[in-house]
Amino acid sequence: MSDGPGPIAGSVRPGVAAGARLVVVHPDAGVLAEAAAARLLTRILDVQSVRSPVHVVLTGGTVGIRTLARAAVSPLVTAVDWSGVHLWWGDERFLPDGDPDRNETQAREALLDALVAEQGLPVENVHAMPGPSAVGSPEEGAAAYAAELARFAGDGVAPAVPAFDVLLLGMGPDGHVASLFPGHEGLGATGATAGVHHSPKPPPERVSLTFEAIRAAREVWIVAAGAEKAAQAAAALGTATNGVPGAVTDVPAAGAVGRSRTLWLLDAAAAGR
Ligand SMILES: O=C(O)[C@H](O)[C@@H](O)[C@H](O)[C@H](O)COP(=O)(O)O
């Protein structure tokens, strides 16, 4: 009998911080990506019925990109008014423009190029994190992105970021989200963005939103698939952080909570089933 974490029940439980938390478990990674894509498009439609613009933060990683690819082929994609949507990133690998390993490159290929070409997404609404083609260091990239975020922030908001309607995050097997890794100095970064070095997940240099910026989101959605995520998903869901950054040193994903709601979208393997 394994003494590992027990299976995660898909249930609505009180949030550990500001908002409610919901765990939804799907049979496999393919269904998870399909469901996350439909949920994302539907959420954008719902938000557009009450306000504009809509701000969505994208993530890298296999599940994150697969979700975008499924959105690209969904009939719902034509229902969204993309002229009122702004797309951001939670983190970016500090690589030259067009590098196939950039989260931006993969997102453009999966969905964004089609949205610009066919669905009226303005090119200026795609806010990529700068890399070495534009700045000299991850810190410069972080500062430039913080300035871009501030352009869309409400007055007096700290950190100066838009009220993200949906902030998507993948989760690594070590519990990292964005480029915020266990025991890493980026965990305690303040402000909106941080330059990251010595990332345990290659490439070593990155730009990332901070937990302060992540927690400014109305909804945070963590999408994770695979048995290698089960231990950290269970640890994160069992960790009450109440928004205390230090509490997430070992399990960064525990600190990724939204102001209104935190969604954990898992496949059965990541839920320990
Ligand atoms: O730049 C990155 O690599 C991602 O932003 C990273 O945070 C990713 O989302 C997780 O590592 C999960 O990746 P997988 O879904 O591929 O496991």
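One can find the structure itself at the top, above this paragraph.
First, a word on scope: everything that follows refers to the structure included in this document. (Residues numbered from 1 in each chain as written. Predicted model: local features only at pLDDT ≥ 70, side-chain atom pairs only at ≥ 80, totals over all residues. Heavy atoms only, no water.)

### Topic: the packing of helix α2 (residues 62-72) against helix α3 (residues 103-118)
Relative to each other, α2 and α3 sit at 25°, their axes nearing to 8 Å. With respect to α3, the axis of α2 lies roughly parallel. α3 is crossed by α2, and the crossing has right-handed handedness. Here α2 contributes Ile-65, Leu-68, Ala-69, Ala-71 and Ala-72 to the contact with α3, which in turn contributes Asn-103, Gln-106, Ala-107, Ala-110 and Leu-111. Split by residue class, the contact of α2 with α3 holds 8 nonpolar, 2 polar and no charged. (Axes fitted to C-alpha atoms, helices over the stretch in contact; angles between N-to-C directions. Helix = DSSP H or I, 4+ residues; strand = E, 2+ residues; numbered from the N terminus. Parallel < 35°, antiparallel > 145°, perpendicular 65-115°, else oblique. Left-handed = near helix turned anticlockwise from the far one by under 90°. Contact = heavy atoms within 4.5 Å. Nonpolar A, V, L, I, M, F, W, Y, C, P; charged D, E, K, R; others polar.)

### Notes on the pattern of salt bridges
Per the counting criterion, the structure on display carries 10 salt bridges. With a closest N to O distance of 2.8 Å, Arg-102 and Glu-104 form a salt bridge. Among the residues examined, Arg-102 registers a relative accessible area of 0% and is labelled buried. On the basis of relative accessibility, which here comes to 11%, the residue Glu-104 falls in the buried class. (Salt bridge = Lys/Arg side-chain N within 4 Å of Asp/Glu carboxyl O. Buried < 20%, exposed > 50% of the residue type's maximum accessible area, 1.4 Å probe, protein only.)

### Some points on α3
A rise of 1.5 Å per residue sets the reference length of α3, with its 16 residues, at 22 Å; its end C-alpha atoms lie 21 Å apart and thus fit the reference within 8%. Residue Glu-109 marks the point of greatest curvature in α3, where the axis turns by about 65°. Among all positions of α3, only Asn-103, Glu-104, Thr-105, Ala-107, Ala-110, Leu-111, Leu-112 and Leu-115 are buried. Remark: Gly-120 follows α3 within two positions and exhibits a positive phi of approximately 80°. (Expected span 1.5 Å × (residues − 1). Bend = angle between axes of the 7 residues up to and from the residue.)

### Quick word on the site of the ligand
Near the ligand lie 16 residues; those nearest to it are Asp-91, Arg-93, His-176, Lys-201 and Lys-229. Note that an oxygen atom of the ligand is positioned 2.8 Å from one of the backbone N or O atoms of Ala-178. Isolated, the ligand exposes 420 Å² of accessible area, and the fraction of that covered by the protein chains is 93%. The set of elements that each furnish at least two residues to the shell around the ligand consists of α2 and β5 (91-93). Classifying every residue of the shell around the ligand by side-chain character gives 3 nonpolar, 8 polar and 5 charged. (Near = heavy atom within 4 Å. Polar contact = N/O pair within 3.5 Å; in protein donor to acceptor, adjacent residues only side chain to side chain. Areas by Shrake-Rupley, 256 points an atom, 1.4 Å probe, with all protein chains shown as cover.)

### As for the nonpolar core
Within the largest apolar cluster, 78 residues are counted, with the highest numbers of intra-cluster contacts made by Leu-209 and Trp-264. Once residues lying within four places of it in the same chain are set aside, the contact partners of Trp-264 are Arg-21, Leu-22, Val-23, Val-24, Met-171, Ile-222, Ala-233, Ala-236, Leu-237 and Ala-253. (Core = buried A, V, L, I, M, F, W, Y, C linked by side-chain atoms within 4.5 Å.)

### Comments concerning the packing of helix α1 (residues 29-48) against α2
Running from N to C, α1 and α2 cross one another at 60°; their axes reach a closest spacing of 8 Å. One way to sum up the angle between α1 and α2 is to call them oblique. Every pair of crossing elements has a handedness; the one defined by α1 and α2 is right-handed. In this structure, α1 contributes Ala-29, Gly-30, Leu-32, Ala-33, Glu-34, Ala-36, Ala-37 and Leu-41 to the contact, and α2 contributes Val-63, Arg-66, Thr-67, Arg-70 and Ala-71.

### As for the sheet that holds β5
Overall, antiparallel pairing links the 3 strands, which are arranged β5-β8-β7 in an open sheet. Every interior strand has two partners, whereas the edge strands, β5 and β7 (193-196), have only one. Taking the axes of each pair of neighbouring strands and ignoring which way they run, one obtains an average angle of 15° across the sheet. As paired elements, β5 and strand β8 (residues 206-209) share 3 bridges and run antiparallel to each other. The partner of Glu-92 across the bridge, within β8, is Val-207. Sitting on the sheet, helix α4 (residues 138-150) is in contact with β7 and β8, with an inclination near 165° to β7. (Pairing = 2+ DSSP bridges.)

It is worth stressing that arrangement in space is one thing and function is another; only the former is reported here.
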